[in-house]
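Below are the chains, spelled out letter by letter.
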Amino acid sequence: MDVETKSLLEIRGIKKSFDQNHVLKGIDFDVKAGEVHVLLGENGAGKSTLIKILTGAYQKDAGEIYWEGRMVDLNTPVDAMNIGIATIYQELNLIPQLKVYENIFLGRELKRSGKRSLLDHNAMHEEAKRCLKMLGQNPNIADMQVSRLGIGQQQLVEVAKALALDAKLIIMDEPTSSLSAQEVDQLYKCVESLKAKGIAIVFISHRLEEIRRLGDRITILRDGFKIDTLQVRTTETDYWIELMVGRSLDEKFPKQNFTLGKEGFRVEGLEVEGTQEPVEFSVRYGEIIGISGLVGAGRTELARAIFGADSSKNGKIFIDGKEVKIKSPRDAINSGIAFITEDRKGEGLLLDQKLDFNIVMANMKKFTGKSRLIDLNAIREESENYINELKVRPNNLELNARNLSGGNQQKIVIAKWLCTQAKVFIFDEPTRGIDVGAKVEVYRLMNRLVENGAIVIMISSELPEILGMCDRVLVMSEGKFTANFKIEDASQEKIMKAATGG
Amino acid sequence: MSEIVVQKENGTVKKNLTIKNILSKFAPLIGLVLLVVVLTVLSDRFLTVNNVMNIARQSSINSLLAIGMLLPILTAGIDLSVGSVLAISVMLMGVTTVNMGSNPFIGILVCLGVGSGFGWFNGILLTKLRLPHPFISTLGTMNIARGIALIITAAAPIAGFPYMIQFMGREFVGPIPVSFILVIAVYVIFHIFLTRTQTGRYIYAIGGNPEAARLSGINVDRVLIIVYTISGLMAGLAGLVMVGRVNSAFPLAGLSYELDAIAAVIIGGASFLGGVGTVWGTLIGALIIAVLRNGLNLLNVSADFQMTIIGAVIIAAVYVDVLRQRKNKKK
Amino acid sequence: MISKKFKLFGAAVAVSCMALTAGCSGDKANGSGGGDENVSVVLKTLSSPYWKYVEAGAKAAGKKHGVNVNVVGPNAESEVMQQVNMIEDQLSQSPGAIVVAPSQPETVAPSLENAVKSKVPVLLIDSNADFKGKTTFIGTENFTAGQEGGKLLASMLKKGDKVVLIQGALGNPATDERIKGAEEALKKAGMEVVSKQPADSDKTKAMSVMENILEKNEDVKGVFSANDDMALGALRAVKAKNLDVKIIGTDGTEEAVKSILDGGLAGTIAQSPYNMGYKGVENALKAIKGKKVKNRIDSGIDIITKDNAEEKLEFLKKISK
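Rules and cut-offs
- Residues numbered from 1 in each chain as written.
- Chains lettered and ligands numbered in written order.
- Predicted model: local features only at pLDDT ≥ 70, side-chain atom pairs only at ≥ 80, totals over all residues.
- Heavy atoms only, no water.
- Domains from an automatic or database assignment.
- Contact = heavy atoms within 4.5 Å.
- Buried area = accessible area lost by both parts, 1.4 Å probe.
- Salt bridge = Lys/Arg side-chain N within 4 Å of Asp/Glu carboxyl O.
- Helix = DSSP H or I, 4+ residues; strand = E, 2+ residues; numbered from the N terminus.
- 1 Å grid on protein atoms, 1.4 Å probe; cavity = no way out; pocket = protein on both sides within 12 Å on 5 of 7 lines; lining within 4 Å.
- Points joined across faces, edges and corners; volume = space filled by probe spheres on them.
- Nonpolar A, V, L, I, M, F, W, Y, C, P; charged D, E, K, R; others polar.
- Patch = residues over 30% accessible without salt bridge, like charges linked within 9 Å, V, L, I, M, F, W, Y side chains within 5 Å.
- Areas by Shrake-Rupley, 256 points an atom, 1.4 Å probe, with all protein chains shown as cover.
- Lys, Arg positive; Asp, Glu negative; His and termini not counted.
- Charge placed at Lys NZ, Arg CZ, Asp CG, Glu CD.
- Pairing = 2+ DSSP bridges.
- Right-handed = clockwise from strand over helix to strand, strands pointing away.
- UniProt positions renumbered as here; feature names shortened; annotations may be inferred.
- Axes fitted to C-alpha atoms, helices over the stretch in contact; angles between N-to-C directions.
- Phe/Tyr/Trp six-rings, centres within 6.5 Å; stacked < 30°, edge-to-face > 60°.
- Buried < 20%, exposed > 50% of the residue type's maximum accessible area, 1.4 Å probe, protein only.
- Lys NZ or Arg CZ within 6 Å of the ring centre and 35° of its normal.
- Core = buried A, V, L, I, M, F, W, Y, C linked by side-chain atoms within 4.5 Å.
- Parallel < 35°, antiparallel > 145°, perpendicular 65-115°, else oblique.
- Left-handed = near helix turned anticlockwise from the far one by under 90°.
- pLDDT = per-residue confidence, 0-100.

Undergrad: Go over the domain arrangement of chain C, please, and point to the residues and values.
TA: Residues and elements named next belong to chain C. Splitting chain C by domain gives domain 1 (9-139 + 273-299) and domain 2 (142-270). Domain 1 puts 11 residues into the contact, and the matching count from domain 2 is nine residues. Taken over both partners, the interface formed by domain 1 and domain 2 buries close to 600 Å², and the fraction arising from carbon and sulfur atoms is 47%. If you look at where domain 1 meets domain 2, you find zero salt bridges. The greatest single-element share of the side of domain 1 that touches domain 2, amounting to three residues, is contributed by helix α2 (residues 49-65).

Undergrad: Help me get a handle on empty space enclosed by the protein, residues and values and all.
TA: Counted by the stated rule, this structure contains five cavities of 30 Å³ or more. By residue class, the composition of the lining of the largest cavity is one nonpolar, six polar and five charged.

Undergrad: Which residues make up a positive patch on the surface, and what values go with them?
TA: A cluster of basic residues, C:Lys286, C:Lys289, C:Lys291 and C:Lys294, forms a positive patch on the protein surface. Mapping C:Lys289 onto the fold places it in the loop between α10 (273-288) and β11 (296-298).

Undergrad: Could you give me a rundown of the pairing of strand β7 (residues 192-198) of chain C, with the residues and numbers involved?
TA: Where a strand is regular, its side chains alternate between the two sheet faces. All names here are of chain C. Sheet topology places strand β6 (residues 162-167) next to β7; six bridges connect them, and they run parallel. Opposite leucine 165, over in β7, you have lysine 196 as the bridge partner. Viewed along the sheet, the connection from β6 through helix α6 (residues 173-188) into β7 turns out right-handed.

Undergrad: Tell me about the UniProt feature "domain: Periplasmic binding protein" (unreviewed entry) in chain C, and please be specific about residues and values.
TA: Here, the residues flagged by UniProt with the feature "domain: Periplasmic binding protein" (unreviewed entry) are residues 39-292 of chain C. Between the C-alpha atoms that bound residues 39-292 of chain C there is a distance of 17 Å. The span itself is 48% helix and 20% strand.

Undergrad: A description of the sheet that holds strand β18 (residues 424-428) of chain A should follow, citing residues and the corresponding values.
TA: Residue and element names in this part refer to chain A. Reading across the sheet, the six strands line up as β17-β18-β19-β13-β20-β21 and stay open at both edges, with mixed pairing between neighbours. Sheet topology places β17 (337-340) and β21 (480-486) at the edges, where each strand pairs with a single neighbour. Within this sheet the neighbouring strands show an average axis-to-axis angle of 20°, counted without direction. Note: strand β20 (residues 472-477) against β21, six bridges, orientation antiparallel. Residue pairing in the sheet places valine 475 in a bridge with alanine 483 of β21. Sheet contacts for helix α15 (residues 436-451): β13 (288-293), β18 and β19 (455-459); angle to β19, the most-contacted strand, approximately 150°. Each of β13, β20 and β21 is contacted by helix α17 (residues 492-499), which is oriented at about 30° to β20, the strand it contacts most.

Undergrad: Please set out the packing of aromatic side chains residue by residue, giving values where relevant.
TA: Applying the stated rule across the entire model yields 12 aromatic pairs over all chains. Centroid distance B:Tyr163 to B:Phe167: 6.3 Å. Interplanar angle 70°. Geometry classified as edge-to-face. Taken together, the residues span about one helical turn, with B:Tyr163 and B:Phe167 both in helix α7 (residues 163-170) at a distance of four residues. In this structure B:Tyr163 comes out as partly exposed when scored by relative accessible area, which is 44%. On the basis of relative accessible area, B:Phe167 is assigned to the partly exposed category, the value being 35%. Between C:Tyr50 and C:Trp51 the ring centres are 5.0 Å apart and the planes differ by 80°, which places this aromatic pair in the edge-to-face class. Across the pair, C:Trp51 and C:Tyr50 agree in class, each one buried. Through a chain of ring-to-ring contacts, three or more aromatic side chains come together here, namely A:Phe265, A:Phe281 and A:Phe481. The aromatic ring of A:Phe357 is capped on one face by B:Arg201, whose charged end is 4.3 Å from the ring centroid.

Undergrad: Would you mind going over the nonpolar core in detail, with residue names and values included?
TA: Counting 209 residues, the largest nonpolar core has A:Phe265, A:Phe281, A:Ile306, A:Ile337 and A:Phe425 as the members making the most contacts within it. It is helix α11 (residues 220-246) of chain B that contributes the most residues to this core, 15 residues altogether. In contact with A:Phe265, other than residues within four places in its own chain, are A:Phe281, A:Ser282, A:Val283, A:Ile306, A:Ile317, A:Phe318, A:Ile319, A:Ile337, A:Val424, A:Ile455 and A:Ile457. Core analysis: the next-biggest nonpolar cluster, separate from the first, contains 74 residues, C:Leu43, C:Ala61, C:Leu123 and C:Val223 among them.

Undergrad: I'd like a description of the packing of helix α2 (residues 27-42) of chain B against helix α13 (residues 279-298) of chain B, backed by residues and values.
TA: Each packed pair of helices is defined by two parameters, the angle between the axes and the distance between the axes. Residue and element names in this part refer to chain B. Across the interface, α2 lies against α13 with an axial gap of 10 Å and an inter-helix angle of 15°. Accordingly, the angle class assigned to the pair α2 and α13 is roughly parallel. Considering how the two elements wind past one another, α2 and α13 form a crossing that is left-handed. Contacts between α2 and α13 involve Pro28, Leu29, Leu32, Leu35 and Leu39 from the former and Ile284, Leu287, Ile288, Val291, Leu292 and Gly295 from the latter. The class makeup of the residues in the contact of α2 with α13 is 10 nonpolar, one polar and no charged.

Undergrad: Please provide a residue-by-residue account of the pattern of salt bridges, values included.
TA: Two side chains carrying opposite charge are able to pair once their charged atoms lie near each other. Considering all chains together, one arrives at 52 salt bridges over all chains under this definition. Ionic pairing is found between A:Arg213 and A:Asp185, a salt bridge with its closest N-O pair at 3.5 Å. With a gap of 28 residues between them, A:Arg213 in helix α7 (residues 208-214) and A:Asp185 in helix α6 (residues 181-196) connect regions that are remote in the sequence. A relative accessible area of 43% places A:Arg213 in the partly exposed class. The partly exposed category is assigned to A:Asp185, whose relative accessible area is 36%. Here C:Glu183 ties to C:Lys187 by a salt bridge, and the two come within 3.2 Å at their closest N and O atoms. Remark: C:Lys187 and C:Glu183 occur in helix α6; sequence separation between them is four residues, near one turn of the helix. For C:Glu183, a relative accessible area of 16% gives the class buried. One network of salt bridges, with partners in common, ties together A:Arg304, A:Asp310, A:Glu347, B:Glu211 and B:Arg214.

Undergrad: Got a sec to walk through the confidence of the model for chain C? Specific residues and values, please.
TA: Residue and element names in this part refer to chain C. Chain-level statistics for chain C give a pLDDT mean of 87 and a share of 88% at 70 or above. Counted against residues more than four places away or in other chains, residues 1-8, with its pLDDT under 50, gives 14 contacts. Confidence drops under pLDDT 50 across residues 20-34; counting only partners more than four residues distant or on other chains, this segment forms 32 contacts.

Undergrad: Give me the sheet that holds strand β12 (residues 301-304) of chain C: which residues, what numbers.
TA: Residues and elements named next belong to chain C. Reading across from one edge, β7-β6-β8-β9-β10-β12 is the order of the six strands in this open sheet, with mixed pairing throughout. Two strands close off the open sheet at either side, each with one partner strand: β7 and β12. Across the sheet, the mean angle separating the axes of adjacent strands is 15° when strand polarity is ignored. Contacting β6, β7 and β8 (220-225), helix α7 (residues 203-216) runs over the sheet at an angle of about 145° to β7.

Below is the structure:
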């Protein structure tokens, strides 16, 4: 196989360190035209750094990069762009106020021949339409303002941008992590059509199913080393995981079953802003409830309304049969509700503050004595407990939250809510963008919460996780519940059908 | 095998971090010490008790304004009104004590009360009227307060304050000016407030990430109102010290003082993006400005040239901050 | 990274050192003379022509009598506390005497009282301040200057003509006094004052103030302005409308005198800033030597019109060299 096609890109012995911190310790890797090559590794294994070197954002300390057989230097992002490497990051880099075609040509607008300062809107328009067509998109969106597109379509605009650049290699960094199932399908199709056109793709993902579906070869990184490169088709998923985490994971979903208790949490007649129908559901002790649905179905809005983060109408919320009045997040916390938000950087963490402050932030009252001064020792002690309990790495309270990897950041957010001694935990996409090992730890923690008598609600777009961890799943579509399955009656197909309202 | 490597590296990373932390933490202090050394070499008049106490006295007004300014900046805001609020506070104190002959204590209360009141007004504009940025609301207050200060006495200055009011700006304990003792006391209180009280910590939280703070149950509006009220209170206190120094209140008092206060906070290592900054850094920032001005005066450097140098120092200090940020982001 | 930071600080320190040494050499140029006595002169600012004349006068006196003269001042007249700091910083160098032009007279009183206590003679120029023990005040009576300006303007107009007064920054005692004097003289001569507005001693502001006034009163015949810069600003507004308005300024700056020669301003009431500086240092020296100094010295005023502008201009050019 290796002999059949020449490599488009080949790197040898790439090393990179920041100060004393060696992030990459000699990586070899190659990509062929028309191939989807997956990079897999835990957070902190060095994937992002490697990619940044390939896109010219970082400079390598040692090693060689060959492009079409010739050695090249990638000193700036422009160098990488010029030889034909394009990147689609997790965070989209589009300017929402501009139109699609303007975004596609941002920074290298086409000019009218002979007139250096006048833009050739027609040519840009046509070229943008051509690229969109290649991706199986409606070419007419070229004229739309980007802010009016969904996230999935925006991502495809990014891909179109890469095509307009005549990119030969497109790097996709967790492109599906914020897409709905439908949008994911669209992206898959797009990847396949790119492949057919001989474009090479480096694909980063934590979703094992999609690696299996799209990938040709897979390279596994751990602690800055390349562990192995494998053919996707001929190797087992469990083997990848074993290589990635350095040990075998017993189970991907460590579901524990507990005896079902009485009803502990109930929502009645809650009208979320933007929807007409009131929402109603209840949760019993001993079960984990999953809330599934497409992106935009109103799941996060529902959670925010329960938590008092957005205004809602007429809703009644009961904990242990008693009604609680919630008008603000403060009320929700006082009533014992915790809300682990989806966007941990934007809504959960203080990135430039130390870990202990992040952990106690929502319950400072607990550490404030009669003198009105906070007890710094008690804070440190309690934070240390959480950090050890949740196996946060590195376990150094003096670090700022910014310095942790995604999975460890998520643990800090969870620790913050454990510290409020909440009774009801609402997790919104709790495993998005974190690696398999950390995912399992989050699942185990949910088990422990249920075991200790907490109510756990998990909002998730990942069906395997819903099916693997929940006892019951509620499906939302257009702001209302369209199905309520016991997990043994549920399947991916049934949930999708309910989610699409069909 | 690889586990061991990781362990080792974690160790080195940590050690390295601490050296760096110390450096970046004390960068402003190092700057101040270097400045003092240079000035001592250049002028034999610089490092005398008399002159050091001059600096202590001259820095006190800006130090008080700067510590007040630190709070809004920590919340990623700004208070442009402090100079004008200082003026209106001292003018109204003058009207009550000098023109109306009230008890000096009432005058002091009026001064601090007017300052806090305008600060509170800034907070209300920001949180309840939802003006988009404190730059706008405090710019408005800045003009309102200055205008009223000019109107009160038809622009005439007020002189001849009672001794009680002048005490803080004028008296000495031994060689040490009372105003500087006041500054140190205020800074200690602020240090405790910002590091050891709930509200103090919430100020950092709001500056770091307002949405995360709100979702963590913090009453953001209440904290912001407190922040701007305290900033106004400090403007009033700075005004009290100023009146003591010059035994008069005048409507153009404190003109463009907000800029020196902002400069002190920024030189002291606070970030304009909020969430980062310390009390002691701010003190050092205020001292750096005062030492520079005093030293340049001793060397008879023209005022225009002084401006240029202070401008360069602000840019250099912020550049250090940028380097620090860039280093953090790479991690 | 660490070394980078050090480099940065090194650079910052180097910049300030260079600045300081540059300042020092400037200092030597500043201090004229070369004798043993030091006289410190703290002005309202050094950034306008008027104060440059005062500085020139002070230095000329220093040169003549062989005294070291240090002239300093803040960036702007509004930097009141900065001026107080400068006075303190000068006093900490123990000069033989200090000459001060206070921006806000009350504010300098406490520091200057301290100077008197430590036996440093204090001389005030331009604006007086009220405190015990000062040696003398040298200056124009601003009120008288204003009166002369008012009389001059009235002499160019008919009874009942409409006139305008342009004030400096409200609260500035010097400009306020001039306006009072002018207003009194103009009213006495039977002129109608239709508008009195502040323009903060600023040329541009004066221009827009004048434009606004002309919007309402096209038939204004005369303007008295509390300084020359504002008079020149008002002149532009008038020229833009092609009106014939007599404008009188105050101060007698070079630009104003030139304008008089070119047929712009009708006249200016010159205080003698040069004289103030000169007499300030001269009398400071007397005080140091223990000689008696009169407690009020008039620096005199000049009325400059087309007739004597030429010779005045030559004098100004000479001293500003």
